Protein chains: 4
Amino acid sequence: MGEKRTLTPVTAEQGAPVRDLAARERILGTTLRVLARVGYAKATVGGIAQEAGVGKATVYRSWPHKAALTLDAVRTRLPDVPVDDLGDSPREILAVARALAGLYGAPQVRAILPALISDAATDPELALRLRTDLVEPRRDRSATVLRRAVARGVLPPDTDVLTLLDTWAGLMLFRGVVLAGDVDDTTVRALVAAALDSPPRLP
Amino acid sequence: MGEKRTLTPVTAEQGAPVRDLAARERILGTTLRVLARVGYAKATVGGIAQEAGVGKATVYRSWPHKAALTLDAVRTRLPDVPVDDLGDSPREILAVARALAGLYGAPQVRAILPALISDAATDPELALRLRTDLVEPRRDRSATVLRRAVARGVLPPDTDVLTLLDTWAGLMLFRGVVLAGDVDDTTVRALVAAALDSPPRLP
Amino acid sequence: MGEKRTLTPVTAEQGAPVRDLAARERILGTTLRVLARVGYAKATVGGIAQEAGVGKATVYRSWPHKAALTLDAVRTRLPDVPVDDLGDSPREILAVARALAGLYGAPQVRAILPALISDAATDPELALRLRTDLVEPRRDRSATVLRRAVARGVLPPDTDVLTLLDTWAGLMLFRGVVLAGDVDDTTVRALVAAALDSPPRLP
Amino acid sequence: MGEKRTLTPVTAEQGAPVRDLAARERILGTTLRVLARVGYAKATVGGIAQEAGVGKATVYRSWPHKAALTLDAVRTRLPDVPVDDLGDSPREILAVARALAGLYGAPQVRAILPALISDAATDPELALRLRTDLVEPRRDRSATVLRRAVARGVLPPDTDVLTLLDTWAGLMLFRGVVLAGDVDDTTVRALVAAALDSPPRLP
DNA sequence: AAGTAAACGAGACGGTACGTCGTGTCTTCCG
DNA sequence: CGGAAGACACGACGTACCGTCTCGTTTACTT
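## Focus: the overall build of chain A
- Along the backbone of chain A there are 9 helices and 0 strands.
- Counted from the first residue to the last, chain A has its helices and strands arranged as α-α-α-α-α-α-α-α-α.
- Dimensions along the principal axes, computed over C-alpha positions, put chain A at roughly 55 × 40 × 30 Å.
- Relative to its full complement of 203 residues, chain A shows a buried share of 50%.
- Considering only residue pairs separated by 6 or more positions, chain A has 70% of its internal contacts joining residues 24 or more positions apart.
- On chain A, roughly 9,300 Å² of surface is accessible, and the fraction owed to carbon and sulfur atoms is 54%.
- Chain A carries 27 positive and 24 negative side-chain charges, and their two centres are separated by 6 Å.

The structure is reproduced here in structure tokens:
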């Protein structure tokens, strides 16, 4: 990464000129709109720039790739993970699982995420951002809910929290994106029930 | 799809000369080699054709897409799912889970699968092939192992076999492809143990 | 030159594919039309390609530059130098001088030639073509008329034929292109008269 | 032109502060240096500004074009036409002709002049400046030498002085710039001799 | 054995998007 | 508050692939 362009440079270093923040916002918004309309594969940087009323160079000045642009655009608009302490771990966990199902069930995510993952395969910088900016923050927040359940004794102390979460995320990803199917609420409840009954354990 | 070309026409219908066969093999082999060398995104149909000593048209005559070509090339080379009856369901199930982990841990799969999934998002025909030719046969074979376990009473009668399998596949996919990490054998055993203890149930 | 692309490659070398000659003609015709409409500076390769119903690559496949394309387009359409033997050298010479005046007085030439000369300053290949394909053939043909006059004794034996011609061409060029003025027929006759009276001599 | 900027504003018109002067000189000098180094076509305003340690806006404040800048830079550095009265018209005229040959033989002039002429084709303002600032002053000064010769009876009273000069300038331009050749001193003397013997006459 | 029809290699074709560069204007911050 | 620094909208550049389409040539099946 640390090459010529980072993915989030924004403000000037010292002297004078400052990136046009309004333009950046407009670009990100337009990006989402275009992605929703035509899909990732058919979206073009030039098209986004034009629709945002911006020169192509202005886009490339801030993002090296369509992928980086997409990542930035998507990042901020995702619904958050519910982590509130309801005093009732099973309910909290169910809320987390449902959020996960909703996320991977959303058409935008289905349309965009695989493309990002695919591009990440040939762009380590993008792969890193995908993990650190998108996946891990949400994973961490979800984990706090499960750790709270462990603290309450609802889950055993040696519960492998991350594996459990990745298992769920994986299921949603696999069904939503690979199989293009849904994960209905009954299944979500069954997953949660199975996990509460016997979660994967740390070695 | 019912368009002009199917994805696997192969032999001529009647009196006409067919010299394909060797060429087809050469193309599929070259495709894999090129994919391994430069990755899906940077592989080009023209490049593959040239390296295979074949005209571009010959490739397009058999496959409508880079994606279809990739799918065909990958399909036949995947290691099979072990479904042998060992008389010991836990061992059989562990073998299935390990095969799954090995599959998604393979570099070629990590490099290629996300791209296929991504292209499938805008190509229903490809999406269908991806499911019917790649995912479902393996999923079905894996399911027979689990159903045998149900028949033996190792798993409860209302086990949601497909959800269980998709959960595992999803975890491997998520960890292998999104997180670019591994699923070690300890984790695989923990997953199997948790499933044997309390699998997801049908409603 | 002899680099990757010559300026007039055209037909295939051996095997099969042949450059589309109709397309070439269409491109050259369109080039002239566009040059006449918007001038050299505002003409673009992309615009010409589009108007000719041709991909940009097709243009670049045959001509490395807008300049080369222009040169080729212009070359064939210039009115020829009158070299007929009228049995009357003064009349023949006047015809040559008038042709020269007409050439540099033509708006297309005024619009295009300086640009070609300018581009030739940084492109030796183009400079060569400009001389060998455009200037020298016409200069040679004009010279035959003057040499005929020498043979007839109308001009002295040591007449510096090429300098005389270049002097006339230069005047037309200078007045037509630099001063954007005309060389009227009276002046042309005066030039011819002065030359017949006392042409530049070889040393 | 009557637009916002003239090509030679230089000093402020009324109350405003002007600190330009040094910057202007630096810009013009840098312009010549860059032109000499990379040629007109590859010279960029931004590059010149940077090398002169000046903002682009500072350049555009004084010159609307690369062409105008070039014209200004070139204008002042040209060697002057020798017009001294030597009491010997043939010698004076030869000096003028030699100055002309030297001018169009200079590499900088060959590199820059055609480009200016070319740009002038689409910019009437520049065309005007090119004539009034560059060509005509020198032409006028040369003409005084020839008019002196007429007054002395060395040339006939009806000599077409301007046509004669333009003929010479044209030859130098044509040979130097179009043919990329030289006009050697022998030829220059032959031209002068022919002109003294029989110059073009006014009608 | 000759005739015929297709499938072949090669690669030109019309397009589309790419990422870069230069233009001339406009804005920000420093001295 | 003038000027350097450079971001901005614009648009052309020349390249790379796409998927289609000719070209001759090379088989392998007829007759």
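## Some thoughts on helix α6 (residues 107-120) of chain A
Residues and elements named next belong to chain A.
- Between the first and last C-alpha of α6 there are 20 Å, a value that for 14 residues agrees with the 20 Å anticipated at 1.5 Å per step.
- Where burial is concerned, most of α6 is hidden: 10 out of the 14 residues are buried.
- Along α6, the residues that are buried comprise V109, R110, I112, L113, P114, A115, L116, I117, S118 and A120.

## Concerning the interface of chain C and chain D
- Taken together, the 36 residues of chain C in the interface contact 37 residues of chain D.
- Together chain C and chain D conceal approximately 3,100 Å² of surface at their shared face, both sides included; 70% is due to carbon and sulfur atoms.
- Area buried by chain C at its contact with chain D is led by C:F174, C:V178 and C:L179, which between them contribute 17% of it.
- In terms of residue count, the dominant contributor to the side of chain C that touches chain D is helix α8 (residues 161-178) of chain C (12 residues).

## A look at helix α9 (residues 185-197) of chain B
- Under the 1.5 Å per step criterion, the end-to-end length of α9(B) is 18 Å for 13 residues, consistent within 8% with the ideal 18 Å.
- Every buried residue belonging to α9(B) is among B:T187, B:V188, B:A190, B:L191, B:V192, B:A194 and B:A195, and all of these are buried.
- On its buried face, α9(B) sits against α8 (161-178) of chain A together with α5 (89-105) and α8 (161-178) of chain B.

## Describing the relation of the copies chain A and chain B
- Rotating chain A by 179° about the axis while translating it 0.0 Å along that axis superimposes it on chain B, leaving an RMSD of 0.3 Å. The operation mapping one copy onto its partner corresponds to a two-fold rotation axis. Taking C-alpha positions as reference, the residue of chain A nearest the rotation axis is A:G170, located at 1.8 Å.
- Interface overlap between copies is the fraction of interface residues in one copy that are interface residues in the other; for chain A against chain B it reaches 97%, indicating a shared surface.

## A word on the domain arrangement of chain A
All names here are of chain A.
- Splitting chain A by domain gives domain 1 (21-75) and domain 2 (89-197).
- It is Y40, L71 and R75 in domain 1 that bury the most area against domain 2; as a group they hold 57% of the surface buried on that side.
- Across the contact surface, domain 1 and domain 2 share 1 salt bridge.
- Between R75 and D133 there is a salt bridge, with its nearest N and O atoms 2.9 Å apart.
- Summed over the shared surface of domain 1 and domain 2, the number is 3 residue pairs in polar contact (both at pLDDT 80 or more).

## A look at unusual backbone geometry
Residues and elements named next belong to chain A.
- A positive phi angle, close to 55°, is found at A180, a residue other than glycine.
- Mapped onto the secondary structure, A180 falls in the loop between α8 and α9 (185-197).
- Relative accessible area serves as the criterion here: at 47%, A180 is assigned to the partly exposed category.

## Overview of the packing of helix α5 (residues 89-105) of chain A against α8(A)
Residue and element names in this part refer to chain A.
- Look at α5 against α8: their axes get within 9 Å of each other, and the N-to-C directions meet at 30°. As judged from the angle between their axes, α5 and α8 are roughly parallel. The two elements α5 and α8 meet at a crossing, and its hand is right-handed. Of the residues in α8, those touching α5 at I93, V96, A97, L100, A101 and Y104 are L165, W168, A169, M172, L173 and G176.
- Class assignment for the residues of the contact of α5 with α8 results in 11 nonpolar, 1 polar and no charged.

Each value, and the rule that gives it
- Residues numbered from 1 in each chain as written.
- Chains lettered and ligands numbered in written order.
- Predicted model: local features only at pLDDT ≥ 70, side-chain atom pairs only at ≥ 80, totals over all residues.
- Heavy atoms only, no water.
- Helix = DSSP H or I, 4+ residues; strand = E, 2+ residues; numbered from the N terminus.
- Buried < 20%, exposed > 50% of the residue type's maximum accessible area, 1.4 Å probe, protein only.
- Contact = heavy atoms within 4.5 Å.
- Areas by Shrake-Rupley, 256 points an atom, 1.4 Å probe, with all protein chains shown as cover.
- Lys, Arg positive; Asp, Glu negative; His and termini not counted.
- Charge placed at Lys NZ, Arg CZ, Asp CG, Glu CD.
- Expected span 1.5 Å × (residues − 1).
- Buried area = accessible area lost by both parts, 1.4 Å probe.
- Least-squares fit on C-alpha atoms with pLDDT ≥ 70 in both.
- Domains from an automatic or database assignment.
- Salt bridge = Lys/Arg side-chain N within 4 Å of Asp/Glu carboxyl O.
- Polar contact = N/O pair within 3.5 Å; in protein donor to acceptor, adjacent residues only side chain to side chain.
- Axes fitted to C-alpha atoms, helices over the stretch in contact; angles between N-to-C directions.
- Parallel < 35°, antiparallel > 145°, perpendicular 65-115°, else oblique.
- Left-handed = near helix turned anticlockwise from the far one by under 90°.
- Nonpolar A, V, L, I, M, F, W, Y, C, P; charged D, E, K, R; others polar.

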